[in-house]
Amino acid sequence: MKSPLLSLPGAVPGEGPDEGVAAHYGDLFREQRTLADGTGFVDLSHRGVITVTGEDRLSWLHLLLTQHVSELPPGQATEALILSPHGHVEHALYLVDDGGTTWAHVEPGTQQALLAYLESMKFFYRVEAVDATDAYAVVHLPAGSITPVPPGTVARETPYGRDLFLPRARLEEFAAQAAPAIGVLAHEALRIEAHRPRLGLETDHRTIPHELGWIGTAVHLNKGCYRGQETVARVQNLGKPPRRLVFLHLDGSEVKLPGHGAPVRLASEGPDGRQLGFVTSSARHHELGPIALALVKRNVPVDADLLADTTAAAQEVVVEP
């Protein structure tokens, strides 16, 4: 879905999972500073939107999700995962309930598979799940923003700002009053700085929640059964995850950032050494310089210097080994 805001002056289209919205509007670092200062908005209208209505919606979602949502108060934001039977992450949902409808935004292009799974699990519950992506666009207001939320708009209030579920027909009108527009590259740089994982970038087909620090934020350890819970409980109580998320400070003298999937090795072994992980996301930060997230084997020493592809990298612990 192509955003109408790509017609704004200076807009450069995003690529990969962020195709359809602007990567930036001509000045990446200025946009990052503006966003960090609590000004402007980010067009996330390429993200999928799912709504669930019906009097059983929260008790039903509680059975399917990793998060405790059976008594979710109206207006309280939360996030949750759907796992495979073996405990691997399949979907990540960013939720809020308005008292009559549960709203969730999800990664671009995943909403149809998510909806198919939800439909398969309806059984006798009084619920209706709908793909509302055509009707609603997600926009992000940073923490500290004084931009007024349009009356009647559902919002997720988080420590990082507000995610609005805005009627898609009002996107251009909102953009005019909430300007300046900020591209997704700035949003991504601040996400990486905050060590927040993203489905499809920090995850692969065998990712379990413990590897990315999702325990506590998206996984509730004291709730009833859900698909994949056995793996979560076993790793939590009896072992350690095989991999762990790390934050990387990259050598600023390199021109090119290591891309998603770039191999991570011990610096002491050089570029031909054993691969111990891979880069998941990278960005140029307005204060920190080039940074990245990577998923590495649990037993990689926390003080080891690394190579991200051929770029020297110093690591910070995100998930304890």
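Keep in mind the model is a prediction, meaning the values are calculated, not measured.

Colleague: Looking at this structure, I do not really get the environment of Y160. What am I missing?
Modeller: Mapped onto the elements, Y160 comes out in the loop between strand 10 (154–158) and strand 11 (161–167). For Y160, a relative accessible area of 39% corresponds to the partly exposed category. The spatial distance from the C-alpha of Y160 to the C-alpha of P142 is 6.2 Å, given a sequence separation of 18 residues. Beyond its immediate sequence surroundings of up to four residues, Y160 is in contact with H140, L141, P142, A143, A194 and R196.

Colleague: Where do I start with the environment of L72 in this structure?
Modeller: For L72, the location among the structural elements is in the loop between helix 2 (57–64) and strand 5 (78–83). When the C-alpha positions of L72 and S59 are compared, they lie 9.6 Å apart, and in sequence the two are 13 residues distant. L72 has contacts with L58, T78 and D97, leaving out every residue within four places of it along the chain.

Colleague: What am I meant to see in the UniProt feature "domain: GCVT N-terminal" (unreviewed entry) in the chain here?
Modeller: Mapped onto the present numbering, the UniProt feature "domain: GCVT N-terminal" (unreviewed entry) falls at residues 30–141. In this annotation, residues 30–141 is assigned 22% helix and 36% strand; the end-to-end C-alpha distance for the span is 16 Å.

Colleague: Would you mind showing me how to read the UniProt feature "domain: Aminomethyltransferase C-terminal" (unreviewed entry) in the chain here?
Modeller: According to UniProt, the "domain: Aminomethyltransferase C-terminal" (unreviewed entry) feature falls on residues 243–304. Structurally, residues 243–304 is divided into 0% helix and 48% strand, and its ends, taken at the C-alpha atoms, are 15 Å apart.

Colleague: Just checking my understanding: could you explain the pairing of strand 5 for this structure?
Modeller: Here is the key point about a regular strand: its side chains alternate between the two faces of the sheet. Most of strand 5 is tucked away, with five of its six residues classed as buried. As paired elements, strand 5 and strand 6 (residues 89–97) share six bridges and run antiparallel to each other. Bridging across to strand 6, L81 finds its partner in A92. Turn length for the strand 5-strand 6 hairpin, with the two strands adjacent in sequence and antiparallel, is five residues, and the turn residue G87 shows positive phi of about 90°.

Colleague: In this structure, what is going on with the side chain of H46? I would like to understand it.
Modeller: Within the secondary structure, H46 is located in the loop between strand 3 (41–43) and strand 4 (48–53). A polar contact of 2.7 Å, which involves the side chain of H46, links it to the side chain of D18. Residues in contact with H46, not counting those within four places in the same chain, are P17, D18, E19, V21, P108, V184 and R198.

Colleague: What exactly am I supposed to notice about helix 4 (residues 171–178) here?
Modeller: An α-helical turn contains 3.6 residues, so any two residues separated by three or four positions project in the same direction. Along helix 4, the residues that are buried comprise L171, F174, A175 and A178. One side of helix 4 carries all its buried residues, which in axial view fall inside an arc of 105°. The exposed residues of helix 4 that point more than 90 degrees off its buried face are E172, E173 and A176. Residues of helix 4 that are buried sit in contact with strand 3, strand 9 (136–142) and strand 11.

Colleague: I keep staring at the sheet that holds strand 11 and nothing clicks. Help me out?
Modeller: Strands pair in a sheet through their backbones, by hydrogen bonds, and they do so in one of two ways: parallel or antiparallel. Taking strand neighbours across the sheet as the criterion, the five strands line up as 10-11-9-3-12 in an open arrangement whose pairing is mixed. Unpaired on one side and paired on the other, strand 10 and strand 12 (181–182) mark the two borders of the sheet. By the bridge criterion, two bridges tie strand 3 to strand 9 in an arrangement that is antiparallel. Opposite V42, over in strand 9, you have H140 as the bridge partner.

Colleague: Is there a simple way to think about the pattern of salt bridges in this case?
Modeller: Pairing is possible between side chains that carry opposite charge, provided their charged atoms lie close to one another. Here the structure, examined in full by the defined rule, presents 17 salt bridges. Between R198 and D18 there is a salt bridge whose closest N-O contact spans 2.8 Å. Here D18 lies in the loop between strand 1 (12–13) and strand 2 (22–24) and R198 lies in the loop between helix 5 (184–193) and helix 6 (229–238), a separation of 180 residues in the sequence. Side by side, R198 and D18 carry an identical accessibility label, which is buried. Ionic pairing is found between E55 and R126, a salt bridge with its closest N-O pair at 3.2 Å. With E55 in the loop between strand 4 and helix 2 and R126 in the loop between helix 3 (111–120) and strand 8 (128–131), this pair connects stretches of sequence that are 71 residues apart.

Colleague: I'm lost on the packing of aromatic side chains in this one. Help?
Modeller: Any aromatic ring pair is given by two values, namely how distant the centres are and how the planes are angled relative to each other. Enumeration over the complete set of coordinates arrives at four aromatic pairs. Seen from their ring centres, F41 and F174 are 5.8 Å apart, and the 80° between their planes marks the pair as edge-to-face. Linking F41 in strand 3 with F174 in helix 4, this pair joins segments that are 133 residues apart in sequence. Assigned by exposure class, F41 and F174 land together as buried. Relative to F165, the ring of W103 has its centre 5.4 Å away and its plane inclined at 45°; by these criteria the two rings are tilted. Of the two residues, W103 is situated in strand 7 (residues 101–106) and F165 in strand 11; the sequence distance between them amounts to 62 residues. You'll find W103 and F165 in the same group, each marked buried. One aromatic cluster is present, formed by W103, Y136 and F165 through successive ring pairs. One Lys or Arg, R196, reaches over the ring of Y160 and ends 3.9 Å from the middle of that ring.

About the criteria used
- Residues numbered from 1 in each chain as written.
- Predicted model: local features only at pLDDT ≥ 70, side-chain atom pairs only at ≥ 80, totals over all residues.
- Heavy atoms only, no water.
- Helix = DSSP H or I, 4+ residues; strand = E, 2+ residues; numbered from the N terminus.
- Buried < 20%, exposed > 50% of the residue type's maximum accessible area, 1.4 Å probe, protein only.
- Contact = heavy atoms within 4.5 Å.
- UniProt positions renumbered as here; feature names shortened; annotations may be inferred.
- Pairing = 2+ DSSP bridges.
- Polar contact = N/O pair within 3.5 Å; in protein donor to acceptor, adjacent residues only side chain to side chain.
- Arc of directions from axis to C-beta.
- Salt bridge = Lys/Arg side-chain N within 4 Å of Asp/Glu carboxyl O.
- Phe/Tyr/Trp six-rings, centres within 6.5 Å; stacked < 30°, edge-to-face > 60°.
- Lys NZ or Arg CZ within 6 Å of the ring centre and 35° of its normal.

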